Amino acid sequence: LVCWPGGSYDRRYWCFDAVSGYDFAAHAAARGVAVLAADHLGVGGSSKPADVDAVDFVTMSAAADEFVRQLRERFPERRLVGVGHSLGGALTVATQALHGSYDRIASLGMTHGAKGSVTHGVGDGSAARQAALEQAPTFLEDWDAGYATGYRVPNHDWLYRPDTPAEVVAADDETAAAWPRQSYVDGLTVGYSAEPLERVERL
């Protein structure tokens, strides 16, 4: 499994060991599944291009595809499954649609249609894009920084189930990571990730 985190997270999302029982990579590995947790272009340990607004779904997908291509060279016998959470799920879909990088994909926890928290212009691409441009800054603490961390505490109600232990929430908040701002615009644009989804072959 090649695992990509969602918005406001880096690859530590899949290796969360601050509280027992939440480490996905360890859970999968114990069942014989190899897990590689990766950082998107512009996130975590990956490089952060100076032209931050060029780092969008297209360039992030191209970088992911190159990453997977090198994996295939090193492990030609492996079947590679792209796994993405939330915004990372949308990027995994885009990578598969644009490049056909994986043998299979799993897009987890991503709404590819309209989001209830976003005003949108259904059927009008320019209106949907404008709505996303106007609202994306409300999800990021420092929009002007380009690579910005998402607001955590105000969004706890949709980041966690009501019964999530407080120590898990507190530890998870400590893993917050900056993301390139245009990825949020792309992710919030109604229909933007749904269109490549239609081009992914279904089994």
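Being a predicted model, the structure only gives us computed values, none of them experimental. (Residues numbered from 1 in each chain as written. Predicted model: local features only at pLDDT ≥ 70, side-chain atom pairs only at ≥ 80, totals over all residues. Heavy atoms only, no water.)

A. Local environment of the packing of aromatic side chains. For the structure on display, the rule yields 6 aromatic pairs. Between Trp4 and Phe67, the ring centres sit 5.7 Å apart and the planes meet at 70 degrees, which makes this aromatic pair edge-to-face. Taken together, the residues Trp4 in strand E1 (residues 2-4) and Phe67 in helix H2 (residues 57-74) connect sequence positions 63 residues apart. With a centroid separation of 6.3 Å and an interplanar angle of 85 degrees, the aromatic rings of Trp179 and Tyr184 are classed as edge-to-face. A single burial state applies to Trp179 and to Tyr184, both of which are buried. (Phe/Tyr/Trp six-rings, centres within 6.5 Å; stacked < 30°, edge-to-face > 60°. Helix = DSSP H or I, 4+ residues; strand = E, 2+ residues; numbered from the N terminus. Buried < 20%, exposed > 50% of the residue type's maximum accessible area, 1.4 Å probe, protein only.)

B. Seen up close, the sheet that holds strand E2 (residues 36-37). Spatially, the 4 strands line up as an open sheet ordered E2-E1-E3-E4, and their pairing is parallel. Edge strands, defined here as strands with exactly one partner in the open sheet, are E2 and strand E4 (104-108). The pairing of strand E3 (residues 81-85) with E4 spans 5 bridges and is parallel. When the sheet's bridge partners are listed, Val81 is paired in E4 with Arg104. Contacts from H2 reach E1 and E2, with the element oriented near 160 degrees to E1. Together, E1, E3 and E4 form the strand contacts of helix H3 (residues 87-99), whose direction differs from that of E3 by roughly 145 degrees. (Pairing = 2+ DSSP bridges. Contact = heavy atoms within 4.5 Å. Axes fitted to C-alpha atoms, helices over the stretch in contact; angles between N-to-C directions.)

C. Looking closely at the side chain of Arg181. Tracing the chain through its elements places Arg181 in helix H7 (residues 181-188). The contacts of Arg181, once residues within four sequence positions are left out, are Val52, Asp53, Leu140, Trp143, Asp144 and Gly146.

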